[in-house]
Amino acid sequence: MAAYDPENIFAKILRGEIPSTRVYEDDETLAFMDIMPRADGHLLVIPKTPCRNILDATPEQLAAVMATVQKMAKAVVKAFDADGLTIQQFNEAAGGQEVFHLHFHVLPRHDGVAVRAPGTMGDFDLIAEHGERVKAALS
Ligand code: AMP
């Protein structure tokens, strides 16, 4: 497996070098809105410390990230009055991973509504509004 690249886009988001719509953070993790949402409210949860994916993450990184994934799962269900949610996590290019900093996708889901195709840039104002709904659901 390749070494962790500190110039990956999520590392830049963590360092504040590029913008993101942050909705939650604690000492070990960050949650922010996905820029190409496959469902309204689609967000990502990452550790603040470096690892590519599940293959090199430490148990401590995974425990911290999963605790935040659960927190965000409850928040998106509340914020979007969802019937359920999908959690996705990809490992290495062969596994569908495109950004090589561990991340979990959290997607609120509604009965009978399919996820949108990947790769379409979202509307920034709408993403910001959805982020505000998530933050409100956390408080
Ligand atoms: P994957 O590595 O396959 O899980 O895909 C990376 C995910 O990161 C995709 O859902 C992208 O839409 C998302 N993404 C890429 N760049 C950004 C960014 N700057 N801000 C938020 N999400 C991003």
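Located above this text is the structure these notes cover.
In this text the structure is predicted, and so the values were computed from the model without any measurement.

What counts and how
- Residues numbered from 1 in each chain as written.
- Predicted model: local features only at pLDDT ≥ 70, side-chain atom pairs only at ≥ 80, totals over all residues.
- Heavy atoms only, no water.
- Pairing = 2+ DSSP bridges.
- Helix = DSSP H or I, 4+ residues; strand = E, 2+ residues; numbered from the N terminus.
- Axes fitted to C-alpha atoms, helices over the stretch in contact; angles between N-to-C directions.
- Near = heavy atom within 4 Å.
- Polar contact = N/O pair within 3.5 Å; in protein donor to acceptor, adjacent residues only side chain to side chain.
- Buried < 20%, exposed > 50% of the residue type's maximum accessible area, 1.4 Å probe, protein only.
- Contact = heavy atoms within 4.5 Å.
- Expected span 1.5 Å × (residues − 1).
- Parallel < 35°, antiparallel > 145°, perpendicular 65-115°, else oblique.
- Left-handed = near helix turned anticlockwise from the far one by under 90°.

Q: Which parts of the structure should I look at to understand the sheet that holds strand β4 (residues 84–88)?
A: Spatial strand order, β1-β2-β3-β5-β4: five strands in an open sheet with antiparallel pairing. The sheet is open, and its two edges are formed by β1 (22–25) and β4, each paired on a single side. Averaged over all pairs of adjacent strands, the angle between their axes in this sheet comes to 20°, without regard to strand direction. Two strands pair when backbone bridges link them, and strand β3 (residues 43–47) and strand β5 (residues 104–109) are joined in this way by three bridges, in the antiparallel orientation. If you follow valine 45 over to β5, its bridge partner there is phenylalanine 104.

Q: How should the site of the ligand be read in this particular structure?
A: Taken together, 16 residues sit near the ligand, with Asp34, Gly96, Glu98, His103 and His105 positioned nearest. In this structure, glycine 96 approaches the ligand through a main-chain N or O atom, which is 2.7 Å from an oxygen atom. Put simply, the parts of the chain that give the shell around the ligand at least two residues each are α1 (9–14) and β2 (29–33). Ranked by residue count, the leading element in the shell around the ligand is α1, at three residues.

Q: I keep staring at unusual backbone geometry and nothing clicks. Help me out?
A: Most peptide bonds take the trans configuration, and most residues that are not glycine carry a negative phi. Phi is positive for aspartate 81, close to 50°, though the residue is something other than glycine. Looking at the secondary structure, you find aspartate 81 in the loop between α2 (59–79) and β4. With phi around 65°, glutamate 92 is a residue other than glycine that occupies positive phi space.

Q: Explain the environment of phenylalanine 104 to me, please; I cannot follow it from the model alone.
A: For phenylalanine 104, the position within the fold is in strand β5. With a relative accessible area of 8%, phenylalanine 104 lands in the buried category. Those residues in contact with phenylalanine 104 that lie beyond four places of it in its chain are Leu43, Leu44, Val45, Val65, Met66, Val69, Ile87, Gln88 and Gln89.

Q: How should α2 be read in this particular structure?
A: Count 3.6 residues to each turn of an α-helix, and residues three or four apart come out pointing the same way. Spanning 21 residues, α2 covers 30 Å between terminal C-alpha atoms, matching the ideal 30 Å at 1.5 Å per step. Residues of α2 that are buried: Gln61, Ala64, Val65, Thr68, Val69, Met72, Ala73, Ala75, Val76 and Ala79. The inward-facing, buried residues of α2 contact β1, β2, β3, β4, β5 and α3 (124–138). Just downstream of α2, aspartate 81 is the residue with a positive phi angle, here 50°.

Q: Where do I start with the packing of α2 against α3 in this structure?
A: Two quantities define a packed helix pair, namely the angle between the axes and the distance from one axis to the other. The interhelical angle for the contact between α2 and α3, taken along N-to-C directions, is 110°, at an axis separation of 8 Å. On the basis of the axis angle, α2 is roughly perpendicular to α3. Considering only the axes of α2 and α3, their crossing is right-handed. Counting all contacts with α2, which are made through Lys71, Met72, Ala75, Val76, Lys78 and Ala79, the residues of α3 involved are Arg133, Val134, Ala137 and Leu138.

Q: Is there a simple way to think about the environment of isoleucine 35 in this case?
A: If you trace the backbone, isoleucine 35 turns up in the loop between β2 and β3. For isoleucine 35, a relative accessible area of 40% puts it in the partly exposed group. Spatially, the C-alpha atom of isoleucine 35 lies 8.4 Å from that of aspartate 123, the residues being 88 residues apart in sequence. Not counting residues within four places of it along the chain, the set of residues in contact with isoleucine 35 comprises Met121, Gly122, Phe124 and Ile127.

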